[in-house]
Amino acid sequence: MLAGGENSSEISALSLGRLAADGGIAYVMFGGQHQEAVEQILADMDDLGSPPGYLVDVMTEDDETIRHRLGDAGMIVISGGESVDQLRNGLLGAAIEGIKTAFENGAIVLAQGLSVMLFGNWVILNNGEYASGLEWLENGLILPAVTSIANDPQAKNLLALEPAAIAAGIGVDSALALGPNGELEIWGDREVTIALGKDYSTS
């Protein structure tokens, strides 16, 4: 689930409604300075009747612990982070390995806010350069809090450079839900817009 904003009760409730895998909810942290914000998310989810949750700090815990604690989760919530660079550094390696294991076992992955960009083929770093993402949305650039992707300068630039690219903008109270077998749903306010590279144009 790719949510354009953070802490939407509707998106969180819909995600919990799809929860089927055993295990608690793992809340991903990107450094201890964000613990208070993550604990607030944990409390909000608890108010919605979520299973027990625990924190996983991908910046400080060792790789084996990260893989194990994320891989055993029934749901993983990713939010916060100071920048795309920090999020990318934290998720690459052991964290994404654990997330993939959990997803393959039926877990729900809820990425919120800035973290959704990581699940595309490309991310835009702090210096404006492009880097590889986690590639869950093939050929995709995902921009949170964007309701008109065709008018976004970052999306326009990528589509000009990469004719096979797909740019997706997700509003702050909306989410793009992707299933393991190609399923796709739009949740919340349904403010999800798509722009395509020239490879998709028809005569």
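Remember, predicted model here, so these are calculated numbers, not experimental data.

Caption draft 1: Highlighting helix α3 (residues 63–71). Restricting attention to buried positions, one finds in α3 the residues Ile66, Leu70 and Gly71. The buried residues of α3 occupy one face: seen down the axis, they fall within an arc of 110°. Elements that come into contact with the buried residues of α3 comprise β2 (25–29), β3 (53–57), β4 (75–78) and α5 (94–104). The backbone nitrogen of Glu64 has a side-chain oxygen 3.2 Å away, supplied by the residue at the start of α3, namely Asp62.

Caption draft 2: Local environment of the packing of aromatic side chains. Within the structure shown, the criterion is met by two aromatic pairs. Relative to Trp136, the ring of Phe103 has its centre 5.0 Å away and its plane inclined at 45°; by these criteria the two rings are tilted. With Phe103 in helix α5 and Trp136 in the loop between β7 (130–132) and β8 (140–144), the pair connects residues that are 33 residues apart, well separated along the chain. The partly exposed category is assigned to Phe103, whose relative accessible area is 27%. Ring geometry for Phe119 and Trp136: centres 5.1 Å apart, planes at 85°, overall edge-to-face. Taken together, the residues Phe119 in the loop between β5 (108–112) and β6 (122–124) and Trp136 in the loop between β7 and β8 connect sequence positions 17 residues apart. Accessibility expressed as a relative area gives 2% for Phe119, which makes it buried. Of the residues examined, Trp136 reaches a relative accessible area of 27% and is grouped as partly exposed. Three or more aromatic residues joined by ring pairs form one cluster here, namely Phe103, Phe119 and Trp136.

Caption draft 3: Expanded view of a nonpolar patch on the surface. On the surface, Ile194, Leu196 and Tyr200 cluster together into a nonpolar patch covering about 280 Å² of accessible area. Examined against the element boundaries, Ile194 turns out to sit in strand β12 (residues 192–196).

Caption draft 4: Quick peek at the pattern of salt bridges. In this structure the tally under the stated criterion is four salt bridges. Where Glu185 meets Arg18, a salt bridge forms, and the shortest distance between an N and an O atom there is 2.9 Å. One end of the pair, Glu185, is in strand β11 (residues 184–188); the other, Arg18, is in the loop between α1 (9–17) and β2, with 167 residues separating them in the sequence. In this structure Glu185 comes out as partly exposed when scored by relative accessible area, which is 33%. Taking the relative accessible area as the measure of exposure, Arg18 reaches 41% and is therefore partly exposed. Across the pair Glu97 and Arg67 runs a salt bridge whose closest N-O atoms are separated by 2.5 Å.

About the cut-offs
Residues numbered from 1 in each chain as written. Predicted model: local features only at pLDDT ≥ 70, side-chain atom pairs only at ≥ 80, totals over all residues. Heavy atoms only, no water. Buried < 20%, exposed > 50% of the residue type's maximum accessible area, 1.4 Å probe, protein only. Helix = DSSP H or I, 4+ residues; strand = E, 2+ residues; numbered from the N terminus. Arc of directions from axis to C-beta. Contact = heavy atoms within 4.5 Å. Polar contact = N/O pair within 3.5 Å; in protein donor to acceptor, adjacent residues only side chain to side chain. Phe/Tyr/Trp six-rings, centres within 6.5 Å; stacked < 30°, edge-to-face > 60°. Patch = residues over 30% accessible without salt bridge, like charges linked within 9 Å, V, L, I, M, F, W, Y side chains within 5 Å. Areas by Shrake-Rupley, 256 points an atom, 1.4 Å probe, with all protein chains shown as cover. Salt bridge = Lys/Arg side-chain N within 4 Å of Asp/Glu carboxyl O.

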